[in-house]
Amino acid sequence: MQPEDFFCSDYAAARARFRGAAGAAGAERTALRLSTRGPEGQELTIDIARVGPRSARRVLLHTSGLHGVEAFAGSAVQVAALATLPAPPRGCALVLVHVLNPYGMAWLRRANENNVDLN
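Residues numbered from 1 in each chain as written. Predicted model: local features only at pLDDT ≥ 70, side-chain atom pairs only at ≥ 80, totals over all residues. Heavy atoms only, no water.

### Comments concerning the pairing of strand S4 (residues 92–98)
Thought 1: Of all seven residues making up S4, seven are buried, and the element is well covered by its neighbours.
Thought 2: Side chains Cys92, Leu94, Leu96 and His98 of S4 all project onto a buried face; the interleaved residues Ala93, Val95 and Val97 project onto the opposite face, where all are buried too.
Thought 3: Both strand S2 (residues 43–51) and S4 contribute to a ladder of five bridges, which runs antiparallel. Bridge pairing links Ile48 to Val97 in S4.
Thought 4: Across six bridges, the pairing between strand S3 (residues 58–63) and S4 is parallel. Residue pairing across strands places Val59 opposite Ala93, the latter belonging to S4.
Thought 5: In this region the chain leaves S3, passes through helix H2 (residues 71–83) and returns to the parallel neighbour S4; the handedness of that crossover is right-handed. (Buried < 20%, exposed > 50% of the residue type's maximum accessible area, 1.4 Å probe, protein only. Helix = DSSP H or I, 4+ residues; strand = E, 2+ residues; numbered from the N terminus. Pairing = 2+ DSSP bridges. Right-handed = clockwise from strand over helix to strand, strands pointing away.)

What follows is the structure, given as structure tokens:
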């Protein structure tokens, strides 16, 4: 696989690629919708993928996109992880939170829709 298989040039493409990779990996998926929209009127969501049992006693949590404009690299890491993911060890799970600040990613800003730096 090549880097361009994981990196996207905009929020909508990154979200679609993450959702596709999560589905292909058999992850449980959840989407949290924001009340605001992207620059082209698109829906904005924080997407979550979970691989492994709900009863897991050990969970690795990986987030991306706290600073929206920086989300492109974190998104690519998560998509690459899902594409090459081995089964979690017994009693373990992996939770990937894709783009904590989708407004910032979509609008190429560091802050969210309220002009707050989430860090």
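Having seen the structure, we can now continue with the description.
### Some details on helix H1 (residues 11–24)
Thought 1: Between the first and last C-alpha of H1 there are 20 Å, a value that for 14 residues agrees with the 20 Å anticipated at 1.5 Å per step.
Thought 2: Those residues of H1 that fall on the buried side of the exposure criterion are Tyr11, Ala14, Arg15, Phe18, Ala21 and Ala22. Buried residues of H1, seen end-on, are gathered within an arc of 135° and therefore sit on one face of the element.
Thought 3: Buried residues in H1 make contact with strand S1 (28–37), S2, H2, S4 and helix H3 (102–106).
Thought 4: Capping of H1 at its N-terminal end is provided by Asp10; its side-chain oxygen lies 3.3 Å from the backbone amide nitrogen of Ala12.
Thought 5: Once H1 ends, the next one or two residues include Gly26, with phi positive near 75°. (Expected span 1.5 Å × (residues − 1). Arc of directions from axis to C-beta. Contact = heavy atoms within 4.5 Å. Polar contact = N/O pair within 3.5 Å; in protein donor to acceptor, adjacent residues only side chain to side chain.)

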